[in-house]
Amino acid sequence: AGKEVSYCIIYKCRNNNQVKQHEMINTVNEVVKDKFTDATIDLKSPDVCLYVEIIRNIFCLGIAKDFFKHKKYNLQEMVKEEQDKASTTDEAAKDSQDVKEEKEKADSTNNVIPDKNESKEPETSTDENNDNSDVKTDDSEENKVND
């Protein structure tokens, strides 16, 4: 009774048209205010949720803490949220791993320092025993002589 508590009332009625929603909510509010004078109504994030359900002629009252925080105690929604968190964590880890691998790949290719004496032309060997049949040479002078 010393601590201020926020609450909300959720009302569901099935197969009964004698009990009116506003009458039931007003009755429950009166009882709560009578027993807990410091209690305040909070419809978005209450500390306690009073769940009133009427099924035919049966009155059910449930009291749940952090009802909306726990996704209305819907296990599928709670698991879905955990899976979403896990998948975003896995994707972030995968993305960071991909970035790391790409960076390492780029670093390894950038570490090769080209030799200043290297040319882009095909290399020719000056070795006399080497068969130069694969190397293209300029035959313009030979062609002139043979013409």
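Look up: the structure comes first, before these words.
Everything numeric in this text was worked out from a predicted model, so none of it was measured.

1. Structural notes on the overall build of the protein chain
Okay, so step 1: Assigned secondary structure in the protein chain consists of three helices and four strands.
Okay, so step 2: In the protein chain, the succession of helices and strands from N to C terminus is β-α-β-β-β-α-α.
Okay, so step 3: Considering only contacts in the protein chain between residues 6 or more positions apart, those separated by 24 or more positions represent 56%.
Okay, so step 4: Summed over all atoms, the accessible surface of the protein chain reaches about 13,200 Å², with 48% contributed by carbon and sulfur.

2. Details of the nonpolar core
Okay, so step 1: By size, the foremost hydrophobic cluster in this structure holds 11 residues: Tyr7, Ile9, Tyr11, Met24, Val28, Val32, Ala39, Val48, Leu50, Val52 and Ile54.
Okay, so step 2: If you list the elements that add at least two residues to this core, you get β1 (6–14), α1 (21–35) and β3 (48–55).
Okay, so step 3: Of the residues forming this core, the biggest block, four residues, is contributed by β3.
Okay, so step 4: Counting five residues, the second-largest nonpolar core is a separate cluster that includes Cys8, Ile10, Cys49 and Phe67.

3. A look at a nonpolar patch on the surface
Okay, so step 1: Taken together, the side chains of Phe59, Leu61 and Ile63 make up a nonpolar region of the molecular surface, amounting to roughly 330 Å² of accessible area.
Okay, so step 2: Within the secondary structure, phenylalanine 59 is located in strand β4 (residues 58–65).

4. Describing the layout of surface pockets
Okay, so step 1: By volume, the largest pocket is sized at about 390 Å³.
Okay, so step 2: Within the residue set of the lining of the largest pocket, elements represented by two or more residues are α1, β3 and β4.
Okay, so step 3: The leading source of residues in the lining of the largest pocket is α1, at five residues.
Okay, so step 4: The residue makeup of the lining of the largest pocket, split by class, is 13 nonpolar, two polar and three charged.

5. Looking at unusual backbone geometry
With glycine set apart, most residues show a phi of negative sign, and most peptide bonds adopt trans.
Okay, so step 1: Despite not being glycine, asparagine 15 shows a phi value in the positive range, around 55 degrees.
Okay, so step 2: Within the fold, asparagine 15 resides in the loop between β1 and α1.
Okay, so step 3: Looking at asparagine 15, the relative accessible area reads 64%, which means it is exposed.
Okay, so step 4: Look at arginine 56: it is not a glycine, yet its phi comes out positive at around 55 degrees.
Okay, so step 5: Classification of arginine 56 as exposed rests on a relative accessible area of 58%.

6. Side note on the sheet that holds β3
Okay, so step 1: The strand order β2-β1-β3-β4 describes an open sheet built from four strands, whose pairing is mixed. With one partner strand each, in any of the chains shown, β2 (40–41) and β4 form the two edges of the open sheet.
Okay, so step 2: Bridge analysis of β1 against β3 gives eight bridges, and the strand direction is parallel. Counterpart to tyrosine 11 in the pairing with β3 is valine 52.

Calculation rules
- Residue positions are given per chain, counted from 1 along the sequence in the order it is written.
- Only residues with pLDDT of at least 70 are given local features in this predicted model, and only at 80 or more are side-chain atom pairs given and counted; all residues enter the totals for whole chains, interfaces and linings.
- Side-chain descriptors were evaluated using all non-hydrogen atoms of the structure, hydrogens and water having been removed beforehand.
- Here a helix means four or more residues in a row that DSSP labels H or I, a strand means two or more in a row labelled E, and each is numbered from the N terminus.
- Two residues form a contact once any of their heavy atoms are found within 4.5 Å.
- Accessible areas in this description were obtained via Shrake-Rupley with a 1.4 Å probe; residue shielding takes into account the shown protein chains only.
- Side-chain atoms within 4.5 Å are what join buried Ala, Val, Leu, Ile, Met, Phe, Trp, Tyr and Cys residues into a set we call a nonpolar core.
- Buried residues are those whose accessible area, probed at 1.4 Å on protein chains only, stays under 20% of the maximum for their type, while exposed residues exceed 50% and partly exposed ones sit between those limits.
- Each patch groups residues whose relative accessible area exceeds 30% and which form no salt bridge, using 9 Å between like charges and 5 Å between nonpolar side chains of Val, Leu, Ile, Met, Phe, Trp and Tyr.
- What makes a salt bridge here is a side-chain nitrogen of Lys or Arg within 4 Å of a carboxyl oxygen of Asp or Glu, nothing more.
- Cavities and pockets were defined on a 1 Å grid built over protein atoms only: a cavity is a set of grid points that admits a 1.4 Å probe from which the probe cannot escape, a pocket is an open set flanked by protein on both sides within 12 Å along at least five of seven lines, and lining residues are those with an atom within 4 Å of any such point.
- Grid points are joined across faces, edges and corners, and a volume is the space filled by probe spheres set on the points.
- For this classification, Asp, Glu, Lys and Arg are treated as charged, while Ala, Val, Leu, Ile, Met, Phe, Trp, Tyr, Cys and Pro are nonpolar and the rest, including Gly, are polar.
- When DSSP finds two or more bridges between a pair of strands, those strands are recorded as paired.

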